[in-house]
Each structure stands twice: as C-alpha cells, then as structure tokens.
Amino acid sequence: MDYRLSHLQQLESEAIYIIRETAAQFERPVLMFSGGKDSITLAWLARKAFSPGKLPFPLLHVDTGHNFDETIVFRDKFIEDIGAKLIVASVQESIDKGRAVEEKGPNPSRNSLQSITLLDAIEEYKFDGALGGARRDEEKARAKERFFSHRDEFGQWEPKNQRPELWDLFNGFKNVGEHFRIFPLSNWTELDIWMYLQQEKVPLPPLYFAHKRKVVNRDGVFLADTPFISLGSNETFEEKMVRFRTIGDATCTGAVLSEANSIPLIIDEIASTRTTERGGRADDKRSDSAMEDRKKQGYF
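Residues numbered from 1 in each chain as written. Predicted model: local features only at pLDDT ≥ 70, side-chain atom pairs only at ≥ 80, totals over all residues. Heavy atoms only, no water.

Let us now look at the overall build of the protein. Scanning the protein from N- to C-terminus turns up 8 helices and 10 strands. Once local pairs closer than 6 in sequence are excluded, the contacts in the protein between residues at least 24 apart make up 73%. Counting only carbon and sulfur atoms, one obtains 50% of the accessible surface of the protein, whose full area is about 14600 Å². (Helix = DSSP H or I, 4+ residues; strand = E, 2+ residues; numbered from the N terminus. Contact = heavy atoms within 4.5 Å. Areas by Shrake-Rupley, 256 points an atom, 1.4 Å probe, with all protein chains shown as cover.)

Rendered as structure tokens:
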C-alpha cells in the first residue's frame with residue numbers, strides 16, 4: 001500500500017495541524033473571514049479539523065462598508081451552512097466614533113482603515129490569536145510572515161522580531177496585551193487554493209467566475225461600477241467580461257479580463273499567468289511598501 005500523500009493532502013494536513021495548535025495554545029482565538037476564497041478555504045479546513053463538533057472559535061469579518069453585494073450574500077449563507085458564529089466589526093462605526101478618518105480625494109479607499117477596526121475588535125473581545133488566510137505568494141511582505149506571527153501590545157508587526165519555527169514547533173507565548181496572527185495557508189499558492197476548492201467542491205461567490213460587468217480602467221486597474229466609485233471627468237464605464245481574483249473593498253479591488261467561468265478554466269488561466277493576484281489591487285500600487293506599512297500598523 002502506498003502511504004505517500006498528494007501535495008494537496010500534505011497542505012491540508014499541515015493547515016489542520018496549525019489550526020488545532022491554535023485552538024490548543026490560545027484561550028480566545030478567532031478566524032478572520034472576508035468571504036474571499038482564502039478565508040473560505042481556511043474556514044472549510046477549520047470545520048474539517050474539529051468535525052463532527054462545532055468550531056471552537058467565532059469568525060470575524062472586518063466590514064469596510066464598501067463590499068460587493070455578492071460577497072455579503074455569500075458570507076451570510078456560508079456561515080449559516082457551516083454553523084459558525086459570525087462577529088462583524090464595522091469600519092463605518094469606527095468612522096462614526098472618530099476612531100478613523102475617511103480618505104478624501106478622487107480615489108478614496110477604506111482598506112487601510114481596517115487596521116483600526118480590527119485592533120479595536122481584538123481588544124473588545126480579548127482575542128489572543130487570529131487565524132488568517134494570507135499566503136506567502138500573495139505579496140513580498142506576506143513572505144516575511146511566520147506561521148505564528150507575533151504582534152506587540154499595540155498590535156504592531158515587527159518582521160525582525162519573530163520567533164524561529166523548527167520541526168513544526170510553534171511558540172505562542174505572549175505577554176499581557178499581545179496577540180498572534182496565525183497563517184495556516186502560508187505554504188499554499190493561489191493555484192493550490194483553486195485545486196483544493198475544486199477537489200472539495202466548496203461553494204464560492206459568483207464574483208470569481210467570468211461575467212459581464214461595467215468597469216472603468218483607472219491606472220491599469222478595472223474597477224467595478226458600484227456606489228463607492230466616482231468617475232473622473234475623462235472616465236466612463238464600459239461593459240466587459242471580467243472576473244475577480246481577489247475580493248475586498250470595491251474601491252480598490254480590480255477585476256481582470258477573463259472568459260474563465262468554471263474552476264477548471266480558472267486553474268488553466270492561473271497556471272499560465274505571470275501577474276500576481278494582488279496585481280489588480282489599487283491600494284498596493286500606492287507605494288512599493290504599501291502592504292508592509294499597513295501590516296506594521298496592524299493590518300492583516
């Protein structure tokens with residue numbers, strides 16, 4: 001009998017081990033959930049990790065208020081189907097309370113404001129470990145993360161002050177007020193995610209599949225026609241066949257031109273592309289260190 005595991009089985013086994021370690025080492029863990037493919041995969045793995053029991057921790061969505069309608073509809077249905085508890089932390093509430101300040105200008109985004117809302121939620125609910133679906137192939141700042149990523153008492157990340165991780169031993173020791181971000185999908189790629197979703201027959205938001213949508217080309221990024229996008233004097237919306245590789249704040253999440261309307265076609269498309277999935281995120285184009293700067297401030 002051949003006991004060798006496929007690479008997807010190995011990745012699944014590693015992720016489930018890390019999720020269980022999180023539940024074992026932390027008193028009040030939480031799983032970050034955006035309704036995107038990576039957090040869907042993470043929640044699916046967490047359910048498998050503790051099946052047939054219920055998830056031993058809640059899911060947390062940091063809601064910018066600038067979501068695609070399809071994302072919220074899917075989020076609520078998915079949470080109901082897996083029997084999880086959902087906590088929603090609102091960026092709009094942070095703005096109303098004066099904790100965050102809305103951006104001004106022609107291309108405002110609430111993406112960076114999520115850090116304040118997230119840190120407030122962590123403090124309010126006393127979470128000491130937050131599971132996230134980030135992967136090392138997404139962006140160069142992500143590649144610096146450990147599986148167990150330490151945050152200080154201000155929620156800040158210092159890439160030079162992380163613990164070594166040898167022989168699958170994870171050190172979750174922390175002082176009062178500190179917490180950890182945990183990334184079970186660190187060794188997964190975008191292609192791995194899609195192959196796993198296909199294998200497991202996991203439900204997904206329709207935004208990931210090719211469809212006709214009105215978009216505007218803004219500095220090489222196709223932004224969708226939503227109430228949160230204001231056109232410039234020389235801009236117009238055009239209907240194109242697009243899909244989204246990543247789902248987030250509609251003001252900065254760009255679509256890609258695509259005819260891929262099924263997972264096999266998406267897999268073929270990703271296998272041949274040379275552009276990272278965050279290449280269509282307008283917020284990452286603001287500076288070469290945009291992601292790392294936000295992470296140091298508490299962003300996931």
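Resuming the write-up.
Here the focus is the environment of Ile270. Residue position: Ile270 is located in helix α7 (residues 263-272). Judged by its relative accessible area of 9%, Ile270 is buried. When the C-alpha atoms of Ile270 and Glu190 are compared, they prove to be 7.8 Å apart, with 80 residues separating the residues in sequence. (Buried < 20%, exposed > 50% of the residue type's maximum accessible area, 1.4 Å probe, protein only.)

This paragraph deals with the packing of aromatic side chains. This model, assessed by the stated rule, comprises 14 aromatic pairs. Between Phe26 and Phe148, the aromatic rings sit 5.7 Å apart at their centres with planes inclined by 45°, giving tilted as the arrangement. Separated by 122 residues along the polypeptide, Phe26 in the loop between α1 (7-25) and β1 (29-32) and Phe148 in strand β5 (residues 148-151) bring together distant segments of the chain. As far as burial versus exposure is concerned, Phe26 and Phe148 are alike and both buried. (Phe/Tyr/Trp six-rings, centres within 6.5 Å; stacked < 30°, edge-to-face > 60°.)

Moving on, we come to the pairing of strand β6 (residues 179-182). Burial along β6 is two-sided: His179 and Arg181 and Phe180 and Ile182, pointing in opposite directions, are all buried. Across 3 bridges, strand β4 (residues 129-131) lies against β6 in parallel orientation. Looking at the pairing, Gly129 lines up with Phe180 of β6. As defined by bridge partners, β5 adjoins β6 across 4 bridges and the pair is classed as antiparallel. Looking at the pairing, His150 lines up with Phe180 of β6. (Pairing = 2+ DSSP bridges.)

What follows is about α1. Over its 19 residues, α1 runs 27 Å from end to end, which matches the ideal 27 Å to within 8%, given 1.5 Å per residue. Within the span of α1, buried status applies to Leu8, Leu11, Glu12, Ala15, Ile16, Ile18, Ile19 and Thr22. The arc that holds every buried residue of α1, seen down its axis, measures 160°, which confines them to one face. Those residues of α1 that are buried are in contact with β1, α2 (37-50), β4, β5, β6 and α6 (190-200). (Expected span 1.5 Å × (residues − 1). Arc of directions from axis to C-beta.)

As a further point, take the layout of surface pockets. When its volume is computed, the largest pocket comes out at roughly 380 Å³. Around the largest pocket sit 20 residues that line it, and Ile122, Glu123, Phe127, Gly177 and Glu178 are the ones nearest its centre. Among the elements that make up the lining of the largest pocket, the one with the highest residue count is helix α5 (residues 114-125) (4 residues). A class-by-class count of the residues in the lining of the largest pocket yields 5 nonpolar, 4 polar and 11 charged. (1 Å grid on protein atoms, 1.4 Å probe; cavity = no way out; pocket = protein on both sides within 12 Å on 5 of 7 lines; lining within 4 Å. Points joined across faces, edges and corners; volume = space filled by probe spheres on them. Nonpolar A, V, L, I, M, F, W, Y, C, P; charged D, E, K, R; others polar.)

Across the interface, α2 lies against helix α3 (residues 69-82) with an axial gap of 11 Å and an inter-helix angle of 10°. Between α2 and α3, the crossing angle belongs to the class labelled roughly parallel. Of the residues in α3, those touching α2 at Ile40, Ala43, Trp44 and Arg47 are Phe74, Phe78, Asp81 and Ile82. Counted by class, the contact of α2 with α3 contains 6 nonpolar, no polar and 2 charged residues. (Axes fitted to C-alpha atoms, helices over the stretch in contact; angles between N-to-C directions. Parallel < 35°, antiparallel > 145°, perpendicular 65-115°, else oblique.)

Now for the sheet that holds strand β9 (residues 238-243). Whether parallel or antiparallel, the strands of a sheet pair through hydrogen bonds between backbone atoms. What the 4 strands build is an open sheet, ordered β8-β7-β9-β10; its pairing is antiparallel. Strand pairing shows two members of the sheet lacking a second neighbour, β8 (221-224) and β10 (256-257), which therefore form its edges. Bridging between strand β7 (residues 211-218) and β8 involves 4 bridges; their strand directions are antiparallel. Bridge pairing in β8 places Asn217 opposite Phe222.

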